[in-house]
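Report on the structure
Okay, here's what each chain looks like letter by letter:
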Amino acid sequence: MTTAALPHHPVAVVGAGLGGLALARVLHVHGVEAALFDLDASPAARTQGGMLDIHDDSGQEALRAAGLHEAFLSRVHTGGQAVRVLDRDGTVRFAAPDDGTGGRPEIDRGELRDLLLDSLPAGTVRWGAKVTGAHPLDGGRHRVTLADGTEFTTDVLVGADGAWSRVRPLVSAARPAYTGVSFVEADLTAADLGHPVSAEMVGGGMLFALGPGRGFLAHREPGGSLHVYAAVVAPEDWLDGIDFGDTEAAKAAVLKEFDDWDERLRALVADADGPLVPRRIHALPPGHRWDRVPGVTLLGDAAHLMSPFAGEGANLALLDGAELGLALAAHPGDTEAALAAYEARMFPRAEASAADSARSQDLLFRADAPRGLVEMFTGR
């Protein structure tokens, strides 16, 4: 089969997460067609995670460029910027309400994704399209292969496909490394009625309950449920020793790490509804970058995966997508100028945020936790 016989897309984006969708939306606003390819069978194939705080200087800037900022504001979770910091004895060390003046309103990730998806022409996303390989051709073009054996060519190939990107090897040999922290996720549904003590502990927004090397991070969702992360500084194989197929046994194994903690905090896992979900936290090296490779670039976690402890991942993905879209629109017919301009802004921004995320991880779980976080919030 010759490349001339293959379908061709001027801009092909691998991954229909927030960053890829933001790119497609900004290109659409500027009259540029993009095709997105996502391995999920449909938009509803899996849950999209919990709450996101969208920062006024990054994620919200992207939504302004996408023409969706007002629609976003109408969907934010009122009260979601409230924060509480507790120690392992359940003592409140810091608390602040959501007074409506903060620059980081909360929104459900799935709702934000739907907002972006619904803003695109039908058929922009090809669902059930898993990319298995990509190979450079002449002139910066690439030939992309899907799991079903079909292929297409593109002038601009964008890896927006997350931590374990299939596109990243075209520009970089870097792979994510374990950060030393593992999460176990849990949900408490209808918390005000079914789990009133836990609902009171978490409050209206975000809870940080911290001690040396571990903690509970939790947030209230718009429907009244609580999403909980039990975080433990642990060897990479710690989660392998827990049978997550037996929920009660898994709860007991996780709570062993919190033996001397207040029972009200332990209840965030002990009383969870449904199975627990393990997740190791990985990151690319801060400052990850690559030499300019014709016709291809990365955005979001594919470019700069970092720990979640500074809340930057989704915001940077949105901003990456918007800025890449603006650069491509500003340089019609000159792909290399567009990609170079985008990367020149993205690299230093991502390096600074990755360093902040690493520092925040150390601060949250250091030996005197939660003191460092309290001092950060109080400005001391």
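Structure: above.
As a starting point, this report considers the structure included with it. All values derive from a computational prediction rather than experimental measurement.

For the rest of this paragraph, the subject is helix α4 (residues 109–118). If you check which residues of α4 are buried, you get Gly110, Leu112, Arg113, Leu115, Leu116 and Leu117. Two or three places before glycine 110, at the start of α4, stands the capping residue aspartate 108, its side-chain oxygen 3.0 Å from that residue's backbone nitrogen.

Moving on: the side chain of histidine 77. In this fold, histidine 77 is placed in the loop between α3 (69–73) and β4 (83–87). Sequence-distant contacts of histidine 77, that is, excluding residues within four places in its chain, are made with Met51, Asp98, Glu106, Gly204, Arg220, Glu221 and Pro222.

Before going further, it helps to examine unusual backbone geometry. A cis amide bond links alanine 369 with the next residue in sequence, proline 370, at an omega value of 15°. In this structure, proline 370 sits in the loop between α11 (335–365) and α12 (371–378). For alanine 190, which is not glycine, the phi torsion reads 45° and is therefore positive. Relative to the helices and strands, alanine 190 is located in the loop between β11 (177–188) and α5 (191–194). The class of alanine 190 is partly exposed, set by a relative accessible area of 42%.

Within helix α7 (residues 247–255) the residues assigned to the buried category are Ala250, Lys251, Val254 and Leu255. Down the axis of α7, the buried set is contained in an arc of 125°. They therefore lie on one face. As for α7, its buried residues are in contact with β11, β14 (226–233) and α8 (263–270).

Here we take up the layout of surface pockets. If you add up the space inside the second largest pocket, you get close to 210 Å³. In terms of lining residues, the second largest pocket is bounded by 13 residues, among which Val11, Val32, Val156, Gly333 and Thr335 are the most central. Every element with two or more residues in the lining of the second largest pocket is listed here: β1 (8–14), β10 (151–159) and α10 (313–330). The residue inventory of the lining of the second largest pocket, partitioned by class, reads eight nonpolar, three polar and two charged.

The next subject is the side chain of glutamate 312. Residue position: glutamate 312 is located in the loop between α9 (301–304) and α10. Put simply, glutamate 312 is tucked away with no salt bridge, and the nearest opposite charge, on arginine 104, sits 4.6 Å away. Sequence-distant contacts of glutamate 312, that is, excluding residues within four places in its chain, are made with His55, Met306 and Ser353.

Scanning the model with the defined rule gives one cavity of 30 Å³ or more in all. Within this model, the largest cavity holds a volume of roughly 50 Å³. Contributing to the lining of the largest cavity are Leu284, Pro285, Pro286, Gly287, His288, Ala303, His304, Leu305, Phe347, Ala350, Glu351 and Ala354. Listing elements by their share of the lining of the largest cavity, those giving two or more residues are α9 and α11. Per element, the largest residue contribution to the lining of the largest cavity is four residues, and it comes from α11. Considered class by class, the residues forming the lining of the largest cavity number eight nonpolar, three polar and one charged.

The strands making up a sheet are joined through hydrogen bonds of the backbone, oriented either antiparallel or parallel. The strand order across the open sheet built from seven strands is β5-β4-β12-β13-β14-β11-β15, with neighbouring strands paired in mixed fashion. Two strands in the sheet have a free side with no partner beyond their single neighbour: β5 (92–96) and β15 (277–283). Here the average twist between neighbouring strands, direction ignored, is 20°. Judged from the eight bridges that link them, β11 and β14 form a sheet pairing that is antiparallel. Residue pairing for β14: leucine 188 is matched across the bridge by leucine 226. Packing of α11 onto the sheet brings it into contact with β11, β12 (206–211), β13 (214–220) and β14, and relative to β12 it is tilted by some 65°.

Topologically, aspartate 89 is positioned in the loop between β4 and β5. Overall, aspartate 89 belongs to the partly exposed group, its relative accessible area being 48%. As for aspartate 89 and alanine 177, which are separated by 88 residues in sequence, their C-alpha atoms are 33 Å apart. Non-local contacts of aspartate 89, meaning those with residues more than four positions away in its chain, are made with Asp262 and Arg264.

Of all seven residues that make up β1, five are buried, and the element is covered over most of its length. Two strands pair when backbone bridges link them, and β1 and β10 are joined in this way by six bridges, in the parallel orientation. Bridge pairing in β10 links valine 11 to valine 156. As paired elements, β1 and strand β2 (residues 35–38) share three bridges and run parallel to each other. Looking at the pairing, alanine 12 lines up with alanine 35 of β2. What joins β1 to β2 is helix α1 (residues 18–29), and the crossover it makes is right-handed.

To continue, consider the pairing of strand β9 (residues 142–146). The buried fraction of β9 amounts to four of the five residues, a majority that puts the element mostly inside the structure. Relative to β9, strand β8 (residues 131–136) is paired through five bridges, and the arrangement is antiparallel. Of the residues in β9, the one forming a bridge with glycine 133 is threonine 145. Linking β8 to β9, which pair antiparallel, is a turn of five residues; within it glycine 139 sits at a positive phi near 70°. Pairing geometry for β9 and β10, over four bridges, is antiparallel.

The rules behind these values
Residues numbered from 1 in each chain as written. Predicted model: local features only at pLDDT ≥ 70, side-chain atom pairs only at ≥ 80, totals over all residues. Heavy atoms only, no water. Buried < 20%, exposed > 50% of the residue type's maximum accessible area, 1.4 Å probe, protein only. Helix = DSSP H or I, 4+ residues; strand = E, 2+ residues; numbered from the N terminus. Polar contact = N/O pair within 3.5 Å; in protein donor to acceptor, adjacent residues only side chain to side chain. Contact = heavy atoms within 4.5 Å. Arc of directions from axis to C-beta. 1 Å grid on protein atoms, 1.4 Å probe; cavity = no way out; pocket = protein on both sides within 12 Å on 5 of 7 lines; lining within 4 Å. Points joined across faces, edges and corners; volume = space filled by probe spheres on them. Nonpolar A, V, L, I, M, F, W, Y, C, P; charged D, E, K, R; others polar. Lys, Arg positive; Asp, Glu negative; His and termini not counted. Salt bridge = Lys/Arg side-chain N within 4 Å of Asp/Glu carboxyl O. Pairing = 2+ DSSP bridges. Axes fitted to C-alpha atoms, helices over the stretch in contact; angles between N-to-C directions. Right-handed = clockwise from strand over helix to strand, strands pointing away.

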